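Survey of secondary and tertiary structure
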Amino acid sequence: PPAGGGKYSQLENANPVIFQRSGERQQTAAEEDEDVHDPIDDREIFDILYKTTQNDLLMLYFHPLSLEELNVVEQVRVQVNDADSTVSVEFTPTIPHCSMATLIGLSIKVKLLRSLPSRFKIDVHITPGTHASEAAVNKQLADKERVAAALENSSLLEVVNQCLTSRSL
């Protein structure tokens, strides 16, 4: 932590392993053509999440790094079936007792709910074996009523919205 406190003095994981970013995908002409059917794929979901992971709230608890750089979100842990309208995202907390796990999962789920057509069923869960409260967090994230109730809480909704606000680069 910086001397004298400061914004990053509350880090839960002071020495995380840092992973290389994959960078943004270059879009093809066909992907930009509105007249061509372009099914949603794993990389598109990853790109949606990639663009929202550097933000002030998560930096307060982690580091000025993206969730990709912390290996919390990886493209290989995103599964999409456009034909069946399903999206599954596994995320990996940086430490087994991460107090932000539920908030991170909720923020990922809300971002996808807001970004994807309503036909998609979205499953967000912790990578198996990576968190002490994995079953409890996954149960909360899978329960539509709990998610809806959480988002009706104006204080929690404000925190989620802060999580989803990309900082300017």
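Identification of the protein as Cytosolic iron-sulfur assembly component 2B from Oryzias melastigma is taken from an unreviewed UniProt entry.

Below, the discussion takes up the pattern of salt bridges. On inspection of all chains with the given rule, the structure shows 5 salt bridges. Of the charged contacts in the structure, one is a salt bridge between Arg 77 and Glu 90, with a shortest N-O distance of 3.1 Å. A residue pair is termed long-range when its members are at least 10 positions apart, and Arg 77 in strand β1 (residues 73-81) and Glu 90 in strand β2 (residues 86-91) qualify at 13 residues. When its relative accessible area of 18% is taken as the criterion, Glu 90 is described as buried. Among the ionic pairs, Asp 143 bridges to Arg 146, the shortest N-O distance being 3.7 Å. Look at the salt bridges and you will find they share partners, linking Glu 74, Arg 77 and Glu 90 into a network.

Here we come to the confidence of the model for the protein. Confidence along the protein averages 77 in pLDDT terms, with 67% of residues attaining 70 or more. Low pLDDT (under 50) marks residues 1-11, which in the prediction has 17 contacts with non-local residues, meaning those over four places away or in another chain.

The subject of this paragraph is the side chain of His 131. By the element assignment, His 131 lies in the loop between β3 (121-126) and α5 (134-142). A polar atom in the side chain of His 131 sits 2.9 Å from the backbone oxygen of Cys 98. Reaching out from His 131, the side chain makes a polar contact with the backbone nitrogen of Ser 133 at a distance of 2.9 Å. Not counting chain neighbours up to four residues away, the residues in contact with His 131 comprise Pro 93, Ile 95, Pro 96, His 97, Cys 98, Ala 101 and Ile 126.

With that out of the way, let us pick up the packing of helix α4 (residues 101-115) against α5. Between α4 and α5, the shortest axis-to-axis distance is 10 Å and the interhelical angle comes to 30°. When the interaxial angle is binned, α4 and α5 end up roughly parallel. α5 is crossed by α4, and the crossing has right-handed handedness. For the pair α4 and α5, contact is made by Ala 101, Thr 102, Gly 105, Leu 106 and Lys 109 and by Val 137, Gln 140, Leu 141 and Ala 142, respectively. Of the residues belonging to the contact of α4 with α5, the class tally is 5 nonpolar, 3 polar and 1 charged.

Take the sheet that holds β3 next. Taken in spatial order, the 3 strands of this open sheet run β1-β2-β3, and their pairing is mixed. Every interior strand has two partners, whereas the edge strands, β1 and β3, have only one. Each strand axis lies, on average, 15° off the axis of its neighbour in the sheet, ignoring direction. Sheet topology note: the β2/β3 ladder contains 6 bridges and is parallel. Paired with Glu 90 across the two strands is His 125, which belongs to β3.

What follows concerns the environment of Pro 96. Among the secondary structure elements, Pro 96 is positioned in the loop between β2 and α4. Contacts of Pro 96, omitting those with residues within four sequence positions, involve Thr 130, His 131 and Ala 132.

Definitions and limits used
Residues numbered from 1 in each chain as written. Predicted model: local features only at pLDDT ≥ 70, side-chain atom pairs only at ≥ 80, totals over all residues. Heavy atoms only, no water. Salt bridge = Lys/Arg side-chain N within 4 Å of Asp/Glu carboxyl O. Helix = DSSP H or I, 4+ residues; strand = E, 2+ residues; numbered from the N terminus. Buried < 20%, exposed > 50% of the residue type's maximum accessible area, 1.4 Å probe, protein only. pLDDT = per-residue confidence, 0-100. Contact = heavy atoms within 4.5 Å. Polar contact = N/O pair within 3.5 Å; in protein donor to acceptor, adjacent residues only side chain to side chain. Axes fitted to C-alpha atoms, helices over the stretch in contact; angles between N-to-C directions. Parallel < 35°, antiparallel > 145°, perpendicular 65-115°, else oblique. Left-handed = near helix turned anticlockwise from the far one by under 90°. Nonpolar A, V, L, I, M, F, W, Y, C, P; charged D, E, K, R; others polar. Pairing = 2+ DSSP bridges.

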